[in-house]
Amino acid sequence: MTKGTIITTTTSFPAGFLWGASTAAHQIEGNNTNSDFWSRENEAGTILPERSGDACDSYHRWRDDLDIVASLGLNSYRFSLEWSRIVPSIGAVSNAELAHYRRMIDGCLERGLTPAVTLHHFTNPRWFSDLGGWRSAENIAHFEEYVAAAATILEGVEWVCTFNEPNMLAMIAAMFDAGEREELVAGAMPPPDRTTTEVTIEAHHRARVLLAERTDAKVGWTIANQNFQAEPGAEEVARAWGWPREDIFIDAARGDDFIGVQAYTRVRIGPDGALPAPDDAERTLTGWEYYPTAAAEAVEHTARLLPDVPIVVTENGIATDDDDRRIDYTSRSLGALREVMKSGVDLRGYFHWSLLDNYEWGSYAPRFGLVAVDRTSFERTVKPSGAWYGSVAAANGATL
Ligand code: BGC
């Protein structure tokens, strides 16, 4: 596919294709008080403009969320378990919290939804961070203990992501070190912390072994893909730029059961590194360039590096208050993905980010949801894009 090409198609997707929506615990549950991100939000002089607070109150309202996913016509739901709830202090596993998440898994299965479970979506227990977090290989053993506890509730779960975007995690670590909150686009962020990179790769590999021994799940991890595009003459610079930020993490998924591709936009690379979006580019509420072929191009990139590993788009979406643009973005994205599949890429599913308007790591302003959430009553309202995406899913893409 030529970069940026928009394709529309009327053919449908393969039988069994996963049509889902994605969420993450900290962004929707509310009062995730034992996590390190909560500490960051609430510390004096924080660089984060808003606190997560009650978020979408999904810790209590998850049944409503699942009802919405099912009623839209989707067949899958991706959510994360919150480590800081399951292991509130060193060595102490909460059976009550495990039971809570098991009820969510059962809730999916009862509604005919395939659960896709993420074990780590950016947040750590505070005690883990206090021990040095992902900057110490010795701490991997703590993650293994958590994964072992999580494995006890994963019966019937086919898709497990160990980490969400370890590359973003490693860049966020570097960003907080620098004390600045830059745009969450890898091109504009500091290079990933090297130790975090090595430690998360090792932790993923150990979790993969453990989960293979104790569950029947397909195990993978999800990578933030920024679609680094070389300007003429900057091909080598772009390769060197992309390796620590992205490709090293994709390479580490060799031998996994699947890899999750997450993409929203692109970053052009010139001779001196990342370039801003073109002056005339449409921008979304996160400031990112409107670039609906992001997921398809990221899938192509991943398939080139790992031709034998099945792919799932575990996140793709747009922060906007103009719901028509969400529909436009998503339909172009799905059309381009369908086209990429025709070239033989083994794409198993698509999860839209996000089900709900949620806490975007420091602010509620960028709204990614298919469903609006009243910030006081927590009432959910399906947006036209939610109904539209659900109808596409129910028709297995035939109505695109
Ligand atoms: C993350 C989400 C985030 C989304 C939009 C991804 O980097 O996994 O947690 O909300 O992108 O920024």
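- Labelled according to an unreviewed UniProt entry, the protein appears under the name beta-glucosidase, originating from Agromyces luteolus.
- Here the protein is described in UniProt, under the heading Sequence similarities (unreviewed entry), as follows: "Belongs to the glycosyl hydrolase 1 family."

1. Let's talk about the environment of Ile-250
Phase 1 of the analysis: In this fold, Ile-250 is placed in helix α10 (residues 235-251).
Phase 2 of the analysis: Considered as a pair, Ile-250 and Tyr-364 are 114 residues apart in the sequence and their alpha carbons are 30 Å apart.
Phase 3 of the analysis: Setting aside anything within four residues of it in sequence, one finds Ile-250 in contact with Ile-223, Asn-225, Ile-259, His-301, Thr-302, Leu-305 and Leu-306.

2. Some details on the site of the ligand
Phase 1 of the analysis: Around the ligand there are 13 residues in total, and Gln-27, His-121, Glu-165, Glu-315 and Glu-360 lie nearest to it.
Phase 2 of the analysis: Here an oxygen atom of the ligand and a side-chain polar atom of Gln-27 are 2.7 Å apart.
Phase 3 of the analysis: In this structure, an oxygen atom belonging to the ligand sits 2.8 Å away from a side-chain N or O atom of Asn-164.
Phase 4 of the analysis: When the free accessible area of the ligand is taken as 310 Å², the share hidden by the protein chains comes to 95%.
Phase 5 of the analysis: Tallied by class, residues from the shell around the ligand come to six nonpolar, four polar and three charged.

3. Some details on the sheet that holds strand β7 (residues 259-263)
Phase 1 of the analysis: One closed barrel holds the eight strands; their spatial order is β1-β2-β3-β4-β5-β7-β10-β11, and the pairing between them is parallel. Sheet twist, expressed as the average angle between the axes of neighbouring strands with direction ignored, equals 25°.
Phase 2 of the analysis: As judged from the three bridges shared by strand β1 (residues 18-22) and strand β2 (residues 76-80), these two strands associate in the parallel manner. In the sheet register, Gly-20 faces β2, and the bridge partner there is Ser-76.
Phase 3 of the analysis: Of the strands in this sheet, β3 (114-120), β4 (159-164) and β5 (218-225) are in contact with helix α9 (residues 194-214), which crosses β4 at around 160°.
Phase 4 of the analysis: Packed onto the sheet, helix α13 (residues 384-394) meets β1 and β11 (347-353) and runs at close to 155° relative to β1.

4. Some details on the pattern of salt bridges
Phase 1 of the analysis: Within the structure shown, the criterion is met by 24 salt bridges.
Phase 2 of the analysis: Among the salt bridges present, the one from Arg-194 reaches Glu-198, with a minimum N-O distance of 3.2 Å. Remark: Glu-198 and Arg-194 occur in helix α9; sequence separation between them is four residues, near one turn of the helix.
Phase 3 of the analysis: Arg-194 sits in the exposed class, given a relative accessible area of 65%.
Phase 4 of the analysis: We classify Glu-198 as partly exposed; its relative accessible area is 46%.
Phase 5 of the analysis: Here Arg-348 and Asp-346 are joined by a salt bridge, their closest N and O atoms 2.7 Å apart.
Phase 6 of the analysis: Take Asp-346: its relative accessible area is 34%, and that puts it in the partly exposed class.
Phase 7 of the analysis: Within this structure, Glu-282, Arg-325, Asp-328 and Arg-332 form a network of salt bridges that share partners.

Here is what the cut-offs are and how they apply
- Residues numbered from 1 in each chain as written.
- Predicted model: local features only at pLDDT ≥ 70, side-chain atom pairs only at ≥ 80, totals over all residues.
- Heavy atoms only, no water.
- UniProt positions renumbered as here; feature names shortened; annotations may be inferred.
- Helix = DSSP H or I, 4+ residues; strand = E, 2+ residues; numbered from the N terminus.
- Contact = heavy atoms within 4.5 Å.
- Near = heavy atom within 4 Å.
- Polar contact = N/O pair within 3.5 Å; in protein donor to acceptor, adjacent residues only side chain to side chain.
- Areas by Shrake-Rupley, 256 points an atom, 1.4 Å probe, with all protein chains shown as cover.
- Nonpolar A, V, L, I, M, F, W, Y, C, P; charged D, E, K, R; others polar.
- Pairing = 2+ DSSP bridges.
- Axes fitted to C-alpha atoms, helices over the stretch in contact; angles between N-to-C directions.
- Salt bridge = Lys/Arg side-chain N within 4 Å of Asp/Glu carboxyl O.
- Buried < 20%, exposed > 50% of the residue type's maximum accessible area, 1.4 Å probe, protein only.

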